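Given next are the chains, with one letter for each unit.
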Amino acid sequence: MRLFLCIIFTFSFGTANSQEHSSQTSSKASSNKKLTEAELLKRAKSLTHADTLTSIKLANEALRLSKNNKNHSISAQSHTLLAKLAQRSKDIEQALHHFLQASLTYKSTNDKSNQIMSSIDYIQILIDEKRYEQANINIEELLPATLEHGDKFPIALTLIAKGDVLYKQKDFDDAIAQYNQATKYLLGYDKEVQDKLGETYKKIAQSYKRLKNRKQTAYFYKKTLDVYTNLGNKKLMARTLNTLAEAERYLGNLVIALEYSIRGLKIHEQLNDPIGRNKSLMGAGIIYRHIGRYEKSLEHIYEAHLYYKKMHDDSGIAKTSNQLGFIYTRLKQFTQARSFYQLTIELSDKKEDLNTRASALREIAVIDLNAGNYDSAMIMAKQAYDVYLLENDKSKASLTARVIANIYREQEDDVNAIVSYRESLKLATEIGSKIYQIKSQTALAGILIGIDNEEAISLLQKSVAQSIDIDDKSQALYAYRNLLLAEKSRGNFLEALRYAEEEIAVTQMIQNENNNNKLILAKASLHSHKLEIELKSLREKTKFDQLELVKKNNEIEITEQARTITELELIKNKYASIALALLLSVCVLLVGLIYRRFIASNKLNIELDLLAARDPLTNSYNRRILFDHMNRDFTNPELLEEYCIILADIDLFKNVNDTYGHSAGDSVLVGVSDILQSCVRQNDIVARFGGEEFCIILHRVTKEQALALAETMRKKVEKSRFDDIAVTCSFGVSSIEFNAKSPTELIDQADLALYKSKSLGRNQITLWEPNFTNNTNILEQD
């Protein structure tokens, strides 16, 4: 009912307007008096592109005559033409008026098909003008009529319009449902139907992209590409290949992504589509960056950058500047990176470029944070955060809130750091991003250790569970490290030990994965070289084809033709020789590469064995190797004739971390480990037992010699400075002479002796005695 009232109102308004137009143009239309309304409309259509003003006058005259003569068909067609002309000249209200009048007139003649198409045109303008509520009302009234009429194509168009409204309102799931329903009506091989089918698949892919459903995004871009390939529409094929490459890149399929990207660039070589080509250049550059080919990445993105500069396209310059900044950041050339980010900030002041601007601000904040320029970093990060909140981009707002928290933490402002980490976690939870939740939780827990251990442990356990759920071993590793610290902080050493073992296991898995990833990237890089050779060959072939075309189109004498053909044959043979030589060179290179890979693989296996035995921070042996050695030693009676162990623990190590930070704590651990290793013989073992505790195995050494060696170690540690930090160590010594039956019992004896040193005031050495018990007091600070 509301639609018909609107039609009646607009009809009255439009009639008055049409009469006004008629009065203004009647004098100039006198030359057309002898033409019928149909002839006037035909002339108006023929002039729509050549002379728009005259076309409008003729269409208005045709409309006036058709109304006088009650020729409803010509009236409706005149309204439709006037609507399209008004739409082209951005006169939206006139366009809406004439499409509604056309619909009403077609309805009066019972021309259902044209009535529906005019209504769809009217609705599409409402959508373009963001009048979504009004558009939805009209769609709900139109859809039953299209279904009753039964023509499949208008039904599909109406469903697509409904999907468009939902998409614009960010209701992507419901939009996808409408688009999928529409595809069921887009049947047949008619070009118009197939064009609309390709466009609809593209809209489904874009909807899935907004939902971050990467697999479905790639799937529907492939369906889009299939349609445009069947139609032979090279421009849309090239552009779809670029978006499909992006979707595969998000899935981590870098080789496939690069193939699609290069295919798109090949097609662009044959087209005059600079906008699409430069988007493809930027897409290819991003993929090259991900596979570590930074030179090619710079080459592609910088070419696009120069095009946008030539066209004075500030938005394009800003986006390519950001991408160039990302490359230089990867290359650790932060001055260059900062200059490109700064250019982005200066240029991206339009609303549509706000996200680009915010990305540049955030990246500069990270650079300044790492350089220790905390005030500048905070200003940049907060500006970026405000933009993301304005744009309702909670994902990037969560990331930026975490950057702000990191800055506060470096400034030792724990209160504000905790507030910002909680805000980051809140935003990540709202959007359901598990990876951002994990990062926020782990960082927040890290600062809560020693303040609220219970909450810290709860957050970290949640991070571990989520990391396992999304198979992110790096995040699981960070969570285990912090759990170890949290449990030690509250004196739960058994749990700390368990988390230390989990940390070691995850570290090994990450090392294995890193090796696999390096191989994947190497394959992608090799594949990219192959694609580049193919692209160069295509360019040469294109040049050769152009020569052939010139030869066929030019009429020359027979002798001249023969000479030209001979020259072309020579050129072709030359290219064939070059191609053959290139192929042989590539084969030789591949053989050399495979051989080098084989040698490198053997070397890598040796290095992996070494890494598996060593603690990655201190380069001392790890706990697993310690027990392997001791278990082996206990099966050999000869080795146990004189056999001692020393347990060393850095005194008040938690205070070092709390006062100077974890980086300084790591330096202390490395320094102490170096001293311990320098004091022992080549066949002795120094192992990191856990946290700040080390275990030393001494073969063929009496307990007196072990005590003397421990004293040497104690004095060296006491006299040393580690980044201007002084520490001491407590030592516990035990010997096989005390009749330990297993490695664990021997370590327990040394552990009790160590605790005795702690209780006597630290920086001391104690030899185990039978009267020691587990009741030895352990100071809370350690």
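### Considerations on the overall build of the protein
Phase 1: Across its full length, the protein carries 31 helices and five strands.
Phase 2: Counting across all 782 residues of the protein, residues that qualify as buried make up 47%.
Phase 3: Of the contacts formed within the protein by residues at least 6 apart in sequence, a portion of 60% connects residues at least 24 apart.
Phase 4: Of the roughly 40600 Å² of accessible surface on the protein, a fraction of 53% belongs to carbon and sulfur atoms.

### Here's the deal with the sheet that holds strand β5 (residues 765–767)
Phase 1: Sheet architecture is open: five strands sit in the order β2-β3-β1-β4-β5, paired in mixed fashion. Two strands in the sheet have a free side with no partner beyond their single neighbour: β2 (685–690) and β5. Each adjacent strand pair in this sheet contributes to an overall mean axis angle of 20°, direction not counted.

### Some points on unusual backbone geometry
Phase 1: Positive phi is not limited to glycine here, since K332 has a value of about 60°.
Phase 2: One can find K332 in the loop between α16 (314–330) and α17 (334–347).
Phase 3: Exposure remark for K332: the relative accessible area of 63% places this residue in the exposed category.
Phase 4: We note that L652 has phi near 50°; this positive angle belongs to a residue other than glycine.
Phase 5: Residue placement: L652 occurs in the loop between β1 (643–650) and α28 (653–660).

### Points about the environment of E140
Phase 1: Structurally, the position occupied by E140 is in helix α7 (residues 132–149).
Phase 2: When the C-alpha positions of E140 and L159 are compared, they lie 10.0 Å apart, and in sequence the two are 19 residues distant.

### So, the packing of aromatic side chains
Phase 1: All chains considered together, the criterion is met by eleven aromatic pairs.
Phase 2: Here the aromatic rings of Y167 and F172 are separated by 5.2 Å at their centres, their planes lie at 70°, and the arrangement is edge-to-face.
Phase 3: Assessed through its relative accessible area of 12%, F172 is described here as buried.
Phase 4: The interplanar angle of 85° and the centroid separation of 6.1 Å between the aromatic rings of F634 and Y643 together place this pair among those described as edge-to-face.
Phase 5: According to the relative accessible area criterion, F634 is buried, its value standing at 19%.

### Here's the deal with the side chain of D615
Phase 1: Relative to the helices and strands, D615 is located in the loop between α26 (558–613) and α27 (623–634).
Phase 2: Under the relative-accessibility criterion, D615 is labelled buried at 12%.
Phase 3: Within polar-contact distance, the side chain of D615 engages the side chain of T618 at 2.8 Å.
Phase 4: Residues within four places of D615 in sequence aside, it is in contact with S620, Y621, N622 and R688.

### Brief notes about the pattern of salt bridges
Phase 1: Counted under the stated rule, the structure contains 36 salt bridges.
Phase 2: Of the charged contacts, one joins E248 and K222 as a salt bridge, the two residues approaching to 3.3 Å between their closest N and O atoms. Of the two residues, E248 sits in helix α12 (residues 234–250) while K222 sits in helix α11 (residues 214–231), which places them 26 residues apart along the sequence.
Phase 3: For K758, the salt bridge goes to D651, with nearest N and O atoms at 2.9 Å. Taken together, the residues K758 in helix α31 (residues 743–759) and D651 in the loop between β1 and α28 connect sequence positions 107 residues apart.
Phase 4: Exposure remark for D651: the relative accessible area of 4% places this residue in the buried category.
Phase 5: One salt-bridge network, in which partners are shared between bridges, spans D164, K196, E199 and K203.

### Looking at the packing of α12 against helix α14 (residues 274–290)
Phase 1: It is the contact of α12 with α14, at a shortest axis distance of 9 Å, that shows an interaxial angle of 20°. As judged from the angle between their axes, α12 and α14 are roughly parallel. Considering only the axes of α12 and α14, their crossing is left-handed. On α14, the residues touching A238, R239, N242, A245 and R249 of α12 are I275, G276, K279, S280, G283, I286, I287 and H290.

### Section: the environment of S339
Phase 1: Within the secondary structure, S339 is located in helix α17.
Phase 2: For the pair S339 and I364, spaced 25 residues apart in the sequence, the C-alpha separation amounts to 9.4 Å.
Phase 3: At 2.6 Å, the side chain of S339 forms a polar contact with the backbone oxygen of Q336.

### Observations regarding the pairing of β1
Phase 1: Most of β1 is tucked away, with eight of its eight residues classed as buried.
Phase 2: As judged from the seven bridges shared by β1 and strand β3 (residues 693–699), these two strands associate in the antiparallel manner. Paired with D649 across the two strands is E693, which belongs to β3.
Phase 3: In this structure, β1 lies alongside strand β4 (residues 729–735), joined through seven bridges in antiparallel fashion.

### Side note on the nonpolar core
Phase 1: Of all hydrophobic cores here, the largest spans 70 residues; its most connected members are Y122, I123, I127, L186 and I204.
Phase 2: Residue contributions to this core peak at ten residues, all from helix α8 (residues 152–168).
Phase 3: Residue contacts for I204: discarding those within four places in its chain leaves I176, Y179, N180, T183 and F220.
Phase 4: The next biggest cluster of nonpolar side chains, apart from the first, holds 61 residues, and it includes I301, A360, I407 and L477.

### Overview of the confidence of the model for the protein
Phase 1: Taken over all residues, the pLDDT of the protein has a mean of 86, while the share at 70 or more is 82%.
Phase 2: Residue range residues 1–30 is modelled with pLDDT below 50. Its contacts to residues more than four positions away, or to other chains, number 34 contacts.
Phase 3: Note on residues 604–608: pLDDT is under 50 here. Beyond four places in sequence and across chains, it has two contacts.

### Quick word on the pairing of β3
Phase 1: In terms of burial, β3 is a largely internal element, seven of the seven residues being buried.
Phase 2: Alternating positions in β3 separate into two faces, E693, C695, I697 and H699 on one and F694, I696 and L698 on the other, with burial throughout.
Phase 3: Alignment of β2 against β3, held across five bridges, turns out to be antiparallel. Across the sheet, R688 pairs through a bridge with F694, a residue of β3.
Phase 4: In this antiparallel pair of consecutive strands, β2 and β3, the connection spans two residues, and G691 shows a positive phi of 60°.

### A short note on the environment of A417
Phase 1: Tracing the sequence through the fold places A417 in helix α21 (residues 414–431).
Phase 2: In this structure, the C-alpha to C-alpha distance between A417 and I407, residues ten residues apart in sequence, is 7.7 Å.
Phase 3: With sequence-adjacent residues up to four places away left out, A417 is seen in contact with A405, Y408, R409 and I447.

### Side note on the side chain of D393
Phase 1: By secondary structure assignment, the location of D393 is in the loop between α19 (374–390) and α20 (394–410).
Phase 2: Despite its burial, D393 pairs with no opposite charge, the nearest such side chain being K396 at 4.1 Å.
Phase 3: Within polar-contact distance, the side chain of D393 engages the backbone nitrogen of K396 at 3.3 Å.
Phase 4: In this structure, D393 is in contact with N355 and Y388, ignoring residues within four places of it in sequence.

### Regarding helix α18 (residues 354–371)
Phase 1: Given a rise of 1.5 Å per residue, 18 residues ought to cover 26 Å, and the 26 Å separating the end C-alpha atoms of α18 matches this to within 8%.
Phase 2: The buried fraction of α18 amounts to 13 of the 18 residues, a majority that puts the element mostly inside the structure.
Phase 3: Phi turns positive, to about 85°, at G372, one or two residues after α18.

### Here we look at helix α22 (residues 434–448)
Phase 1: The terminal C-alpha atoms of α22, which comprises 15 residues, lie 21 Å apart, in line with the 21 Å expected from a rise of 1.5 Å per residue.
Phase 2: Counting buried residues along α22, twelve of its 15 residues qualify, which places the element largely inside the surrounding structure.
Phase 3: For α22, the set of buried residues is Y436, Q437, I438, S440, Q441, T442, A443, L444, A445, G446, I447 and L448.
Phase 4: Buried positions along α22 lie against α20, α21, α23 (453–470) and α24 (473–489).
Phase 5: Remark: G450 follows α22 within two positions and exhibits a positive phi of approximately 90°.

Rules used throughout
- Residues numbered from 1 in each chain as written.
- Predicted model: local features only at pLDDT ≥ 70, side-chain atom pairs only at ≥ 80, totals over all residues.
- Heavy atoms only, no water.
- Helix = DSSP H or I, 4+ residues; strand = E, 2+ residues; numbered from the N terminus.
- Buried < 20%, exposed > 50% of the residue type's maximum accessible area, 1.4 Å probe, protein only.
- Contact = heavy atoms within 4.5 Å.
- Areas by Shrake-Rupley, 256 points an atom, 1.4 Å probe, with all protein chains shown as cover.
- Pairing = 2+ DSSP bridges.
- Axes fitted to C-alpha atoms, helices over the stretch in contact; angles between N-to-C directions.
- Phe/Tyr/Trp six-rings, centres within 6.5 Å; stacked < 30°, edge-to-face > 60°.
- Polar contact = N/O pair within 3.5 Å; in protein donor to acceptor, adjacent residues only side chain to side chain.
- Salt bridge = Lys/Arg side-chain N within 4 Å of Asp/Glu carboxyl O.
- Parallel < 35°, antiparallel > 145°, perpendicular 65-115°, else oblique.
- Left-handed = near helix turned anticlockwise from the far one by under 90°.
- Core = buried A, V, L, I, M, F, W, Y, C linked by side-chain atoms within 4.5 Å.
- pLDDT = per-residue confidence, 0-100.
- Lys, Arg positive; Asp, Glu negative; His and termini not counted.
- Expected span 1.5 Å × (residues − 1).

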